[in-house]
Amino acid sequence: MRILITGGAGYIGTILVPLLLERGHHVTVLDTFRAGGTELSDACRYEGFTPVKGDARDHRILDELIPQHDVLIPLAALVGAPLCKEDQVGAVTLNRDAVVSLVERSSRDQIIVYPTTNSGYGIGEAGKFCTEESPLRPISLYGTTKVEAEEAVLGSGHGVSLRLATVFGMAPRMRLDLLVNDFTHRAVTDRALLVFEGHFKRNYIHIRDVAKGFIHAIDNYSRMRGEAYNLGLSSANLSKLELCERIKAHVPSFVYVEAPIGEDPDKRDYIVSNAKLEATGWFPDVDLDRGIKELLKGFRMIRNSRFANV
């Protein structure tokens, strides 16, 4: 199939693009390539790979590229509440408006697979799993823009939405701000962590299983179309303190303490059911412990110390 991925040089894209190419698909990546990295350099050996430098908000580029493709995957986004708060105009125009523009230019013969976030659930009810029927109550601009974009995708009648749990794992375009990645990195580098509101719970998912979810949605589009699906590890609905405990099992010298005062500006707190997606035949391959072990290997290579002597 001919697949267009906006923002394909990012954290998820650098895992997903090579997998799609290996399966024989033709993949066009529209990205600003602002980081100037070589994260997709290995994709250049595939004849079906086409990088296009540009902005996913540029209507002229969308008008040219969208009609040429069978599958549209809008990954381009400002991801995370802090970044969206810092650049509110960018959050609205990229996270919502660019997706709406893509949907408006698509046809019903095309497939849209959209990654949103289960941040849209906001603050869940204690002890109650959030399902795809649970009310969406985002508490950040990031969550709001992603929820509004999902509405456009599902409203088109030819889209599938994957509500991603908090992603973790090594990738060519690495991110250290995601919770599992961040806590594991701190365990390796600082050996200590002060945790605010450690009882807050969240669901997690490995990045390779996210990529597997996209491929599953494409392969099973006829029975998944028009629906949203939670995509996460059913075995990993954990509080921040429980996550720290799991990391400590692999880094015995890691010390973590819950702050007696203060609060986390990120108030998300929910547990999530992934049963609907699992019922379609998708299951994760990488559990939390395996992902932590991989991160520990990666952090032996990554040195995030630009302004340090050591």
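Residues numbered from 1 in each chain as written. Predicted model: local features only at pLDDT ≥ 70, side-chain atom pairs only at ≥ 80, totals over all residues. Heavy atoms only, no water.

1. Let's talk about the sheet that holds strand β10 (residues 201–206)
Item 1. With respect to topology, three strands assemble into an open sheet ordered β8-β10-β12, the strand pairing being mixed. This sheet does not close on itself; its edge strands, each paired only once, are β8 (166–168) and β12 (237–239). When the angles between neighbouring strand axes are averaged without regard to direction, this sheet yields 50°.
Item 2. With three bridges connecting them, β8 and β10 associate as parallel partners. Looking at the pairing, V167 lines up with I205 of β10.
Item 3. The strands that helix α7 (residues 207–219) touches are β8 and β10; relative to β10, the one it contacts most, it runs at about 75°.
Item 4. Helix α9 (residues 240–248) contacts β10 and β12 of the sheet and is inclined by roughly 95° relative to β12. (Pairing = 2+ DSSP bridges. Helix = DSSP H or I, 4+ residues; strand = E, 2+ residues; numbered from the N terminus. Axes fitted to C-alpha atoms, helices over the stretch in contact; angles between N-to-C directions. Contact = heavy atoms within 4.5 Å.)

2. A closer look at the packing of helix α1 (residues 13–22) against α7
Item 1. It is at 9 Å that the axes of α1 and α7 come closest, and there the two elements cross at 45°. In this view, α1 runs oblique relative to α7, as classed from their interaxial angle. For the pair α1 and α7, the crossing hand works out as right-handed. Counted together, I15, L16, L19 and L20 of α1 and I207, R208, A211, F214, I215 and I218 of α7 form the full contact between these two elements.
Item 2. Its residues assigned to classes, the contact of α1 with α7 shows nine nonpolar, no polar and one charged. (Parallel < 35°, antiparallel > 145°, perpendicular 65-115°, else oblique. Left-handed = near helix turned anticlockwise from the far one by under 90°. Nonpolar A, V, L, I, M, F, W, Y, C, P; charged D, E, K, R; others polar.)

3. Let's talk about empty space enclosed by the protein
Item 1. With the rule as written, the count across this model stands at one cavity of 30 Å³ or more.
Item 2. In this structure, the largest cavity occupies an estimated 40 Å³ of space.
Item 3. The wall of the largest cavity is formed by T6, A56, P74, A76, L94, A98, V99 and L102.
Item 4. For the lining of the largest cavity, the leading source of residues is helix α4 (residues 88–105), giving four residues.
Item 5. Looking at side-chain class alone, the lining of the largest cavity contains seven nonpolar, one polar and no charged residues. (1 Å grid on protein atoms, 1.4 Å probe; cavity = no way out; pocket = protein on both sides within 12 Å on 5 of 7 lines; lining within 4 Å. Points joined across faces, edges and corners; volume = space filled by probe spheres on them.)

4. Concerning helix α6 (residues 179–189)
Item 1. In terms of burial, α6 is largely enclosed, as eight of its eleven residues are buried.
Item 2. Looking only at α6, the buried set comprises L179, V180, N181, D182, F183, T184, H185 and A187.
Item 3. In this structure, the buried side of α6 is in contact with β8, β9 (192–195), β10, α9 and α11 (288–298).
Item 4. R191 sits one or two positions beyond α6 and adopts a positive phi of about 65°. (Buried < 20%, exposed > 50% of the residue type's maximum accessible area, 1.4 Å probe, protein only.)

5. As for the pattern of salt bridges
Item 1. Evaluation of the coordinates by the stated rule reveals 18 salt bridges.
Item 2. Here K201 and E242 are joined by a salt bridge, their closest N and O atoms 4.0 Å apart. Note that K201 is positioned in strand β10 and E242 in helix α9, a separation of 41 residues in sequence.
Item 3. Exposure remark for E242: the relative accessible area of 31% places this residue in the partly exposed category.
Item 4. Between D289 and R246 there is a salt bridge, with its nearest N and O atoms 3.0 Å apart. Taken together, the residues span a long stretch of sequence, with D289 in helix α11 and R246 in helix α9 at a distance of 43 residues.
Item 5. Shared partners join several salt bridges into a network, and the residues in it are R96, D97 and E148. (Salt bridge = Lys/Arg side-chain N within 4 Å of Asp/Glu carboxyl O.)

6. Observations concerning the environment of V195
Item 1. Positionally, V195 belongs in strand β9.
Item 2. Through-space distance from the C-alpha of V195 to that of E263 is 9.2 Å; in sequence the pair is 68 residues apart.
Item 3. Excluding its chain neighbours within four sequence positions, the residues that come into contact with V195 are K240, L241, C244, Y256, V257, E258 and A259.

7. Describing helix α5 (residues 141–155)
Item 1. Spanning 15 residues, α5 covers 21 Å between terminal C-alpha atoms, matching the ideal 21 Å at 1.5 Å per step.
Item 2. Of the positions making up α5, those classed as buried are Y142, G143, T145, K146, V147, A149, E150 and V153.
Item 3. Against α3 (81–86), α4, β5 (111–117), β7 (159–164) and β11 (228–231) lie the buried residues of α5.
Item 4. Among the residues trailing α5, G157 stands out with phi positive, at a value near 85°. (Expected span 1.5 Å × (residues − 1).)

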